[in-house]
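Architecture at a glance
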Amino acid sequence: MTIQLTDTAVWDTEAARQSDEAMQWLRATIMPQMRMCDDQTGISPEYDSHKRPIRWVIPAANCTVVIEREYVRQNSSDWGMKTDKITVYGN
């Protein structure tokens with residue numbers, strides 16, 4: 001399934017890799033909203049028991065983006081990040 005992000009960017013939910021336009025949209029529109037401080041963005045991440053951010057739900061014009069962060073050591077207070085899993089849902 002594809003989700004129209006902008007006039008030129010489309011997110012393909014079944015693709016292993018997204019287009020350059022989709023990644024540019026993600027970096028320019030979504031990633032800046034991942035700040036810890038929600039007074040500027042209105043976005044509050046969920047935190048784990050070690051007070052590390054683990055999940056963001058970010059609404060956009062045509063979709064909702066869910067970012068789930070995985071840390072190298074899940075049961076530790078270590079902040080070494082392993083990966084971000086990004087899922088885009090159409091509105």
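The preceding data block contains the structure.
Examining the overall build of the protein
Secondary structure summary: the protein contains two helices and six strands in total. Element order for the protein, N to C, with α for helix and β for strand: β-β-α-α-β-β-β-β. Overall size of the protein, expressed as C-alpha extent along the three principal axes, is 40 × 30 × 20 Å. The buried share of the protein, reckoned over its 91 residues, is 30%. A separation of at least 24 residues holds for 33% of the contacts in the protein among residues at least 6 apart in sequence. Accessible area for the protein stands at about 6000 Å²; split by element, carbon and sulfur atoms hold 47% of it.

Considerations on the pattern of salt bridges
If the charged atoms of two oppositely charged side chains come close together, the side chains can form a pair. All told, the structure shown has seven salt bridges when counted by the stated rule. For Asp84, the salt bridge identified is with Arg69, shortest N-O distance 2.8 Å. Taken as a pair, Asp84 in strand β6 (residues 81-90) and Arg69 in strand β5 (residues 63-71) lie far apart in primary sequence, 15 residues in all. Judged by its relative accessible area of 22%, Asp84 is partly exposed. Between Glu70 and Lys82 there is a salt bridge, with its nearest N and O atoms 3.4 Å apart. One end of the pair, Glu70, is in strand β5; the other, Lys82, is in strand β6, with 12 residues separating them in the sequence. You can call Glu70 partly exposed: its relative accessible area is 31%.

A closer look at the pairing of β5
Every other side chain in a regular strand lies on the same face of the sheet, so the side chains alternate between the two faces. In this structure, strand β4 (residues 53-59) lies alongside β5, joined through five bridges in antiparallel fashion. The residue of β5 that forms the bridge with Ile58 is Val65. Adjacent in sequence and paired antiparallel, β4 and β5 are bridged by three residues. As defined by bridge partners, β5 adjoins β6 across nine bridges and the pair is classed as antiparallel. Its bridge partner being in β6, Cys63 is matched across the sheet by Gly90.

Some thoughts on unusual backbone geometry
Of note in this structure, Lys51 is not a glycine but carries a positive phi near 65 degrees. As for its position among the elements, Lys51 is in the loop between β3 (46-47) and β4. Residue Lys51 is classed as exposed on the basis of its relative accessible area of 65%.

About the thresholds
Residues numbered from 1 in each chain as written. Predicted model: local features only at pLDDT ≥ 70, side-chain atom pairs only at ≥ 80, totals over all residues. Heavy atoms only, no water. Helix = DSSP H or I, 4+ residues; strand = E, 2+ residues; numbered from the N terminus. Buried < 20%, exposed > 50% of the residue type's maximum accessible area, 1.4 Å probe, protein only. Contact = heavy atoms within 4.5 Å. Areas by Shrake-Rupley, 256 points an atom, 1.4 Å probe, with all protein chains shown as cover. Salt bridge = Lys/Arg side-chain N within 4 Å of Asp/Glu carboxyl O. Pairing = 2+ DSSP bridges.

Remember, this is a structural readout, not a statement about activity or role.
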